[in-house]
Amino acid sequence: MKKKFSPGAMFLGRFNSIQSVIFAMVSMLLLGAVAIVTVISMNYTRTSVFDNSSLYTQTIIQQMNQNIDSYIDYMENISYLVSSNEDVQSYLFGEETDPEARGRILNQFKTILDSRNDILNLGIIGENGRMLINNAQRLTNPDLDIHTQEWYTNALEGSASSYLSSSHVQHIISGERPWVITLSRGIRNKSSKSENQKEGVFFIDLNYSAISELCNQSVVGNQGYAFILDADGNIVYHPQQQQLYNELQTENISLIMGTDKDTVLSGKGSAEKLYSISRSEKTGWTVVDCVRVEELLRKSNKAQSLYVLVAMGLMIVALFFSRFISRSITQPIQQLCDSMARVQEGDFSVSDVVVDSKNEIGSLTKSFNVMTHRIQDLMEQNIREQEAKRKSELKALQSQINPHFLYNTLDSIIWMAEGKKNEEVVLMTASLARLLRQSISNEDEVVSIGQEVEYARGYLTIQKMRYKDKMEFQIDVDPSILHIPLIKLVLQPVIENAIYHGLKYKESKGLLMVKGFRKNGNAVLQVIDNGVGMDQETLDHIYEKHKVNYQSNGVGVYNVQKRLQLYYGSEYGITYESEKGVGTTATITIPGNQEGQQ
Amino acid sequence: MRKYRKWIAAFLIICIAGAAAGMIYYRNATGGERRLSMIYIPKVVDGTNDFWTSLILGTQMAAKEYNTEIEVMAPEEENDIEGQNRILKEAVEKQPDAILISPSSFTESDSLIQEAKDRGIKITYIDSYTEQNIQDITVATDNVEAGRQLGKFAASILEPDDQIAIVAHVKGVSTAVEREQGFRDGLGQMADNIVDVVYCDSSYEKSFKLTTELMEKYPELKMVAGMNEYSSVGAARAVKTAGAENQIQVVGVDSSQEAVQLMEKGVFKGIVVQKAFKMGYLGVEETARLLRGQNYETEIDSGCQLVTPDNMYSSEIEKLLFPFNTLKTPKTNEKGEVYP
């Protein structure tokens, strides 16, 4: 199982694992919760901010309306003050213009004009053509028919005590055409007989400084503004009056005039505006505060972006948290799985899984530990038993000595004794005795190469004496390998095999050589004969079990090979090379670095 | 399912990155935009001429609203073609985003305007235009229509055989040519009654002089029609001075305080007023839209309106004749930008 690194894998683990399932579910749950809470609070904030803001705007605009009312009130007071003045009566309606009254009136006008810079003009005009405007210094417009001016005729003919005009151009002063709002008041001639007939008009022209200031004070937000409509829906004041007059800007005036509500929404999208409306009983004007909804909601947008930020933070935390949860649940399971996999492959070294939880997984792990230990014990026991079995089998094999060999040797000794060959008898008997001792009395499974070579030498001595004219032998073993341990009864069966299968059938006298040396860190023993050799077929079957040399001590090459490989491993053992008519070489290879065991 | 996990992780990362980018964009979108620079070159700056005053006021108000720096550079006389070209050169050197110009000459400024255009400066024509079609935007009164309105009105107050004289401003200038053409159209058959056309070179004095000469030359003259403010006011002055306001009716194009007064006095029988404020305002507005890559119109007719003594005090006409100047008390935010 190859693990590839990927950021996804880091976070999600294997997707088909319990961990990723838990991770997915927990994180979905958490993310969903965060998202829902965020959306709800965003909506709630939006609505509440909007409600609060429109309420606030409403309060502001009502305040502004009151301010404008009291402003107009104030101007009405001035108009009342002036028009009820006796001097005005005597100046306008007297038989002749009274210069003293004129002076006093001008004084009063001067006081008013000096104290109020929002009053552009004020004056009195009589139907009889007498008029007094401002400081009486400026020329009046000689070409203007005053009766074409609404502010004049309405004040004169209307029933109300005063008349407030909408925005209009004041033409009365020659050379000036300012836009003003005019408050005019009819003046009765007290000496006249007809009570209700007004014969003069007092007027105040208001420039926009006071009104624009009042409107600017009542502005909500950076882009909000306030404007005033008269009873017919004409613009009285608007911060962009000129643009509106030139049809370059529009306000939804019909909507404002048509509604009964205090607030109306107009437009769509980013152009959506909230009109807060307040109508004045006194002036008949409609005061409107306009604010862009977008701006109104800027606070809520700020809050919303904060929510989104926090939500994103929470989501990241939630992701880590769910990863943590899923890991803490599945980590022990994962460990257990990994351990099981390794145990499955035969590695018991990691079988002790650390358990720190006491839940089901903890007890599962404990059971697993107990189980693996038990298996480990059983396997070790099994190995020990196998070993013991192998040893006893080996012993059984080694302890075998071919009775025929013993009889033949003993026969040879008898024949020699009969032939009075005392010395040979002694040598052969001594060799036999040594052979027997080594084979029977030595309990050790392993001997040294030296001992094995000596045993071979004894055996060869006997055989050479038996086949006097048939064979000769040489032993040439490197003394440095003599101490290396070697399992018993290896060399002798190979030599026996060489004699009975190689040299025995040779016409002339044969030579058998035993060589011992080191090669590539291994110890190598070679049994070389120049007998008849073997063909390939014989060579192929040489390790087979049934090829037991019945004439020998019953330990065949198969037996030797099996024991060597059992003991030293499969890369060691015995190999044969042979050529028909030339001879055979048997090579025994064992590890060369074993500790001496004598 | 294993192979999807990479994608799921990538999707999550993209979501987070997208949300972050969105926030940043949202913050930036509410931030400021580049302040534009424009130069407006009218034919003249003259406090007595309401047409140019209103037009310049319009450009300035629109400039405040559209976050634009506008500089007005103008010759002192309306017919100063050389002076205007010199100013145009200066303006090109300043390398503004756009030059708005009311060309005095139909032909003489083309090469300079082309040069400005080659330098990447946007060109907007206000009120008049030139021979070649170099401009990006044109905002002007439909002068043929203005002339036609005046002609129709003139026809309505004249007897069939009354003699008519035209005092035009500058020979060859687009506005003069088109208004005259429209005037003749409006008069219909009575166009044959036109006895003379004279050019006052946008000077009150010359117009006064020419009109006086016309009155001497054609004793039966019943109407003088001025084709701009200078020519019509000059003509009205001459008629008033001669005390002939009852015999000779004066009609004209463009108003001023003096023109309004002369109408109150009964000298002017009708004036076709161009919507100068609107013209200036739209010129800057559309140019700003062009520069900011928004939708804009290339040809705009700002419109005109006939004013007579009967309707001159009506609210609609007052709105046109007398500018409501709120520029003195602009409402600004802390950045100095004017909000709508």
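Keep in mind the model is a prediction, meaning the values are calculated, not measured.

J.: Looking at this model, I keep getting lost on the overall build of chain A. Mind explaining?
T.: In terms of helices and strands, chain A carries 17 helices and 17 strands. The 598 residues of chain A split such that 33% are buried. Long-range pairs, those at least 24 residues apart, make up 66% of the contacts in chain A between residues at least 6 apart in sequence.

J.: Please clarify how the sheet that holds strand S3 (residues 98-101) of chain B should be interpreted in this entry.
T.: Strand pairing in a sheet takes place through backbone hydrogen bonds and is either antiparallel or parallel in direction. Residues and elements named next belong to chain B. Spatial strand order, S2-S1-S3-S4-S5-S11: six strands in an open sheet with parallel pairing. Edge strands, defined here as strands with exactly one partner in the open sheet, are strand S2 (68-72) and strand S11 (299-301). Averaged over all pairs of adjacent strands, the angle between their axes in this sheet comes to 15 degrees, without regard to strand direction. With four bridges joining them, S3 and strand S4 (residues 122-126) adopt parallel strand pairing. When the bridges of S4 are listed, Leu100 appears paired with Thr124. Contacting strand S1 (36-41), S2, S3 and S4, helix H2 (residues 50-65) runs over the sheet at an angle of about 160 degrees to S2.

J.: Could you clarify how one ought to interpret the packing of helix H2 (residues 18-83) of chain A against helix H10 (residues 298-344) of chain A in this entry?
T.: Each pair of packed helices can be described by the angle between their axes along with the distance between the axes. All names here are of chain A. Relative orientation of the contacting elements H2 and H10 amounts to 165 degrees, with a least axis distance of 8 Å. On the basis of their axis angle, the class for H2 and H10 is roughly antiparallel. Note that H2 runs across H10; the crossing there is right-handed. Along the lines of polarity and charge, the residues of the contact of H2 with H10 split into 21 nonpolar, 10 polar and four charged.

J.: Quick question: what am I supposed to make of the sheet that holds strand S12 (residues 471-477) of chain A here?
T.: All names here are of chain A. Sheet architecture is open: five strands sit in the order S12-S14-S15-S17-S16, paired in mixed fashion. Only two strands of the sheet have a single partner each, and these edge strands are S12 and strand S16 (573-579). Across the sheet, the axes of successive neighbouring strands diverge by a mean angle of 15 degrees, strand direction being ignored. With eight bridges joining them, strand S15 (residues 522-529) and strand S17 (residues 583-591) adopt antiparallel strand pairing. When the bridges of S17 are listed, Ile528 appears paired with Thr585. Docked against the sheet, helix H15 (residues 491-503) engages S12, strand S14 (510-519), S15, S16 and S17, running at close to 25 degrees with respect to S15.

J.: Please clarify how the confidence of the model for chain A should be interpreted in this entry.
T.: Regions with low pLDDT carry predicted coordinates that are not meant to be interpreted in detail. Residue and element names in this part refer to chain A. Residues at a pLDDT of 70 or more form 91% of chain A, whose mean pLDDT is 82. Per-element mean pLDDT across chain A ranges from 48 in helix H1 (residues 7-12) up to 91 in S15. Across residues 1-13, confidence stays below pLDDT 50; counting only partners more than four residues off in sequence or on other chains, it has 17 contacts. Low pLDDT, under 50, characterises residues 548-553; the predicted model gives this stretch 17 contacts beyond four residues in sequence or across chains.

J.: Mind showing me how you'd approach the pairing of strand S6 (residues 163-168) of chain B here?
T.: Residues and elements named next belong to chain B. Across the six residues of S6, five count as buried, placing the element largely inside the fold. Here five bridges tie S6 to strand S7 (residues 194-199), and the two strands are oriented parallel to one another. Of the residues in S7, the one forming a bridge with Ala165 is Asp196. With respect to chirality, the unit in which S6 leads through helix H6 (residues 174-187) into the neighbouring parallel S7 is right-handed.

What counts and how
- Residues numbered from 1 in each chain as written.
- Chains lettered and ligands numbered in written order.
- Predicted model: local features only at pLDDT ≥ 70, side-chain atom pairs only at ≥ 80, totals over all residues.
- Helix = DSSP H or I, 4+ residues; strand = E, 2+ residues; numbered from the N terminus.
- Buried ≥ 20, exposed ≤ 12 C-beta atoms within 10 Å, placed from the backbone.
- Contact = placed C-beta atoms within 7 Å.
- Pairing = 2+ DSSP bridges.
- Axes fitted to C-alpha atoms, helices over the stretch in contact; angles between N-to-C directions.
- Parallel < 35°, antiparallel > 145°, perpendicular 65-115°, else oblique.
- Left-handed = near helix turned anticlockwise from the far one by under 90°.
- Nonpolar A, V, L, I, M, F, W, Y, C, P; charged D, E, K, R; others polar.
- pLDDT = per-residue confidence, 0-100.
- Right-handed = clockwise from strand over helix to strand, strands pointing away.

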